[in-house]
Amino acid sequence: MSQQPHHHEHRPVPTEGQLRWQQDGFGVFFHFGVNTFAGKEWSDGTLPASSFDPSDLDVRQWVRVAASIGAGYVILTAKHHDGFCLWPTTTTDYSVASSPWRDGHGDIVAELAAACREAGLGLGLYLSPWDRHAPEYADEARYAEVYARQLTELCTNYGELVELWFDGAGSEGYTYDWPGISAIIERLQPQAMVFNMGAPTIRWVGNENGLAEDPVRYVVDHTDFSNYTVVTSRFEEALYLPPECDVSLRRGWFWHADDEPKSVEHLLAIYYRSIGLGANLLLNLPPDTRGLLPDADVERVTAWAAERDRRFARPIPGTLTTDGSTVTVTFAGPVTVDHLRLHEDLTAGQLIDGHEVRTAEGRTLVEAGSVGVSRVHVFEPVTTDRLTIALVPDSTDEAGRAWEAPVPTLLAVTAFHAGTSTVPELPRGYEAPTDAPD
């Protein structure tokens with residue numbers, strides 16, 4: 001497939017599309033469907049289509065909020081595990097076409113695609129492989145045809161897609177036609193990132209708390225399947241697959257009247273441990289039964305984005321010089337800094353295994369692992385006229401063989417004085433719910 005990474009001296013390197021997706025960095029998820037109206041996370045495919053009836057649906061409001069907090073793309077649950085389709089598919093009557101909303105003439109995917117085009121945001125779609133409604137699901141060959149038709153409709157009728165999101169939940173032990181699915185994507189949406197299954201180009205980070213860990217590896221030989229199993233998919237060879245950290249603003253993925261949005265501090269804690277470590281962040285904002293993002297949620301993410309942006313609003317200019325694997329940032333005079341953002345040059349693949357940031361006097365400020373597309377460091381304020389960054393190249397290829405790595409380079413280093421020198425702690429004991437489906 002054209003999206004599959006190619007190799008450079010034993011080292012998988014990103015495609016242009018993967019790099020573009022990594023540079024976007026931040027997306028917004030919308031979980032919306034019959035579950036929204038039943039207060040459920042996992043309905044079993046028996047909720048009536050007539051229950052889907054948002055009173056004031058406005059996808060432009062969703063997109064406005066996503067754009068205002070800095071998202072580069074959004075992803076919609078076009079079909080969740082219950083099998084209810086948010087577009088008028090020809091494959092089943094279990095869709096918006098059988099609902100009272102817009103008298104059965106509505107199409108949420110179409111409305112969202114139009115709103116994204118207006119706002120200049122990328123559109124991604126979630127099409128659950130597991131389908132608890134489709135009678136064909138009991139027969140793998142028959143369901144493969146249904147799923148292929150659904151995917152073809154989504155890949156044909158709504159313009160360019162930036163991501164196709166495949167969730168492994170509920171699918172343990174089931175064989176999907178991934179070669180056929182991949183062929184449809186390759187033919188109709190070859191530029192779309194493919195999440196985690198089939199012929200993936202990006203992968204799940206492995207939890208639903210929105211958290212990566214240092215080092216963040218872009219080259220892996222397997223992906224985790226779902227939150228409900230220890231199953232992994234192993235590849236014949238290691239691939240360049242940057243991770244996406246998914247997390248919901250609320251406890252659940254779908255809207256529930258009694259859920260509360262996470263605090264600004266919690267969201268900042270997630271930001272530093274996802275985007276700040278070089279992974280993408282996908283933040284779920286669930287629309288309510290009106291078909292709108294709730295006021296409290298909008299206020300919360302707006303306050304979070306404002307504080308995040310305030311911290312990085314005034315970059316301190318510096319000049320970058322590189323000598324082998326040592327990078328020096330020289331400022332015009334003594335400056336006080338407490339945040340540092342590094343960007344690795346990834347065109348030859350991910351090459352930095354470790355790095356150390358030191359002051360002009362040689363004091364170590366930071367010792368860390370990977371850099372990747374964007375790495376943020378936070379430390380006690382220091383006043384200095386220069387910083388040096390010693391890069392440790394990755395000395396083994398993906399098979400563990402020693403190799404002569406190209407000298408790693410940084411594209412940019414930016415210093416900030418944010419007035420805060422701690423990364424917020426995560427709330428004690430916080431875990432996204434991982435209750436297995438009913």
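Residues numbered from 1 in each chain as written. Predicted model: local features only at pLDDT ≥ 70, side-chain atom pairs only at ≥ 80, totals over all residues. Heavy atoms only, no water.

Engineer: Talk me through the overall build of the protein chain; I want residue IDs and the actual numbers.
Structural biologist: When you go through the protein chain residue by residue, the secondary structure sums to eight helices and 19 strands. For the protein chain, whose C-alpha radius of gyration is 22 Å, the value lies close to the compact-globule estimate of 22 Å for 438 residues. Along the first, second and third principal axes, the C-alpha atoms of the protein chain reach 70 × 45 × 40 Å. Expressed as a percentage of the 438 residues in the protein chain, the buried residues total 58%. A separation of at least 24 residues holds for 74% of the contacts in the protein chain among residues at least 6 apart in sequence. For the protein chain, the accessible area works out to roughly 17500 Å², and carbon and sulfur atoms hold 48% of it. Taking the average place of the 32 positive charges on the side chains of the protein chain and the average place of its 63 negative ones, the gap between the two points comes to 4 Å. (Helix = DSSP H or I, 4+ residues; strand = E, 2+ residues; numbered from the N terminus. Rg over C-alpha atoms; globule rule 2.2 N^0.38 Å. Buried < 20%, exposed > 50% of the residue type's maximum accessible area, 1.4 Å probe, protein only. Contact = heavy atoms within 4.5 Å. Areas by Shrake-Rupley, 256 points an atom, 1.4 Å probe, with all protein chains shown as cover. Lys, Arg positive; Asp, Glu negative; His and termini not counted. Charge placed at Lys NZ, Arg CZ, Asp CG, Glu CD.)

Engineer: Explain the packing of aromatic side chains residue by residue, including any values.
Structural biologist: Counted by the stated rule, this structure contains 29 aromatic pairs. Considering the side-chain rings of Tyr137 and Tyr174, the 4.2 Å spacing of their centres and the 10° angle between planes classify their relative orientation as stacked. With Tyr137 in the loop between strand S5 (122-127) and helix H5 (140-157) and Tyr174 in the loop between strand S6 (163-165) and helix H6 (178-188), the pair connects residues that are 37 residues apart, well separated along the chain. Classification of Tyr174 by relative accessible area gives buried; the value is 18%. Aromatic side chains Tyr271 and Phe312 sit 6.2 Å apart centroid to centroid with 55° between the ring planes, which places their arrangement in the tilted category. Taken together, the residues Tyr271 in helix H7 (residues 264-272) and Phe312 in the loop between helix H8 (295-311) and strand S13 (315-316) connect sequence positions 41 residues apart. An aromatic cluster of three or more residues is present, and its members are Phe30, Phe32, Phe37, Phe52, Trp62, Phe84, Tyr94 and Trp101. (Phe/Tyr/Trp six-rings, centres within 6.5 Å; stacked < 30°, edge-to-face > 60°.)

Engineer: Describe the environment of Tyr430, with residues and values.
Structural biologist: In this fold, Tyr430 is placed in the segment after strand S19 (410-416). Residue class for Tyr430 comes out partly exposed when judged on its relative accessible area of 24%. For the pair Tyr430 and Asn209, spaced 221 residues apart in sequence, the C-alpha separation works out to 8.3 Å. Ignoring any residue separated from it by four or fewer positions in sequence, one finds Tyr430 in contact with Asn209, Lys262 and His266.

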